[in-house]
Amino acid sequence: LHLGADELAVGELHWQQLPGSAEDVRLLVNISAGKTARYWELESYAHVVATARALVPALRVAIMSAPHERARGETLAAMCGGHYVHTHTLRDAFAFVAATDVLFTPDTSIAHAAAALRVPTVDMLLAGKASQWGLYNAPGIVLESPDDLLTSLAAQQAADALGDLLRQLAEEPT
């Protein structure tokens, strides 16, 4: 995946327009995954974000979704003190991912773009899908639901995975 300098600038601009400090860790939460089996409840996302904020107080949280899920994304942003960011195109969304420190997402094209861009990711997949669709040699943690619905994946398990990834990032030399 190649993004041009103009596209990367758009991704960076999304973050610059959000409140916070340049030193804050940038957490992007994508809530859209295309199929209802990969739908995860907003309360679960909110729990993950709250747990991450407790671990990393200097955390800037952005929420992103497909255009048809904008209201749901805005609701989550209000629930967790994050900021909804509307991306206009898929490449705009990929550029936003490229400017992100860590991504939390269900299995979707956003997760695949993050893997290609080497953005550390917690990727939530349905049971049995990790070997085929996981973060192929990319930084991050892959979680699988215990069955064929993402809603059965425990919010605390996902929060723990994101916490582990955030701790790993904090330990990396800058």
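It should be noted that the structure appears before, not after, this text.
All figures in this text were calculated on a predicted structure; none of them were measured in a lab.

1. Quick look at the packing of aromatic side chains
Item 1. Tallied over the full model, the rule gives four aromatic pairs.
Item 2. Residues tyrosine 45 and phenylalanine 104 carry aromatic rings whose centres are separated by 6.0 Å and whose planes lie at 85 degrees to one another, so their mutual orientation is edge-to-face. With tyrosine 45 in helix H2 (residues 42–55) and phenylalanine 104 in strand S4 (residues 102–106), this residue pair connects regions lying 59 residues apart in the sequence. Across the pair, exposure class does not vary: tyrosine 45 and phenylalanine 104 are buried alike.

2. Looking at the side chain of arginine 26
Item 1. One can find arginine 26 in strand S1 (residues 25–30).
Item 2. Residue arginine 26 is classed as buried on the basis of its relative accessible area of 11%.
Item 3. A distance of 2.6 Å separates polar atoms of two side chains, one belonging to arginine 26 and the other to glutamate 12.
Item 4. Here alanine 99 takes part through its backbone oxygen, which lies 2.9 Å from a polar atom of the side chain of arginine 26.
Item 5. Once residues lying within four places of it in the same chain are set aside, the contact partners of arginine 26 are Glu12, Trp15, Arg60, Ala99, Thr100, Asp101 and Val102.

3. Thoughts on the sheet that holds S4
Item 1. The strand order across the open sheet built from six strands is S3-S2-S1-S4-S5-S6, with neighbouring strands paired in parallel fashion. Only two strands of the sheet have a single partner each, and these edge strands are strand S3 (83–84) and strand S6 (140–144).
Item 2. This element, helix H7 (residues 155–171), spans S1, S4, strand S5 (121–125) and S6 of the sheet and lies at about 170 degrees to S6.

4. Brief notes about the pairing of S6
Item 1. Residue alternation in S6 divides its side chains into a buried set, Ile141 and Leu143, and an unburied set, Gly140, Val142 and Glu144.
Item 2. Two strands pair when backbone bridges link them, and S5 and S6 are joined in this way by five bridges, in the parallel orientation. Counterpart to valine 122 in the pairing with S6 is isoleucine 141.

Cut-off values and rules
- Residues numbered from 1 in each chain as written.
- Predicted model: local features only at pLDDT ≥ 70, side-chain atom pairs only at ≥ 80, totals over all residues.
- Heavy atoms only, no water.
- Phe/Tyr/Trp six-rings, centres within 6.5 Å; stacked < 30°, edge-to-face > 60°.
- Helix = DSSP H or I, 4+ residues; strand = E, 2+ residues; numbered from the N terminus.
- Buried < 20%, exposed > 50% of the residue type's maximum accessible area, 1.4 Å probe, protein only.
- Polar contact = N/O pair within 3.5 Å; in protein donor to acceptor, adjacent residues only side chain to side chain.
- Contact = heavy atoms within 4.5 Å.
- Pairing = 2+ DSSP bridges.
- Axes fitted to C-alpha atoms, helices over the stretch in contact; angles between N-to-C directions.

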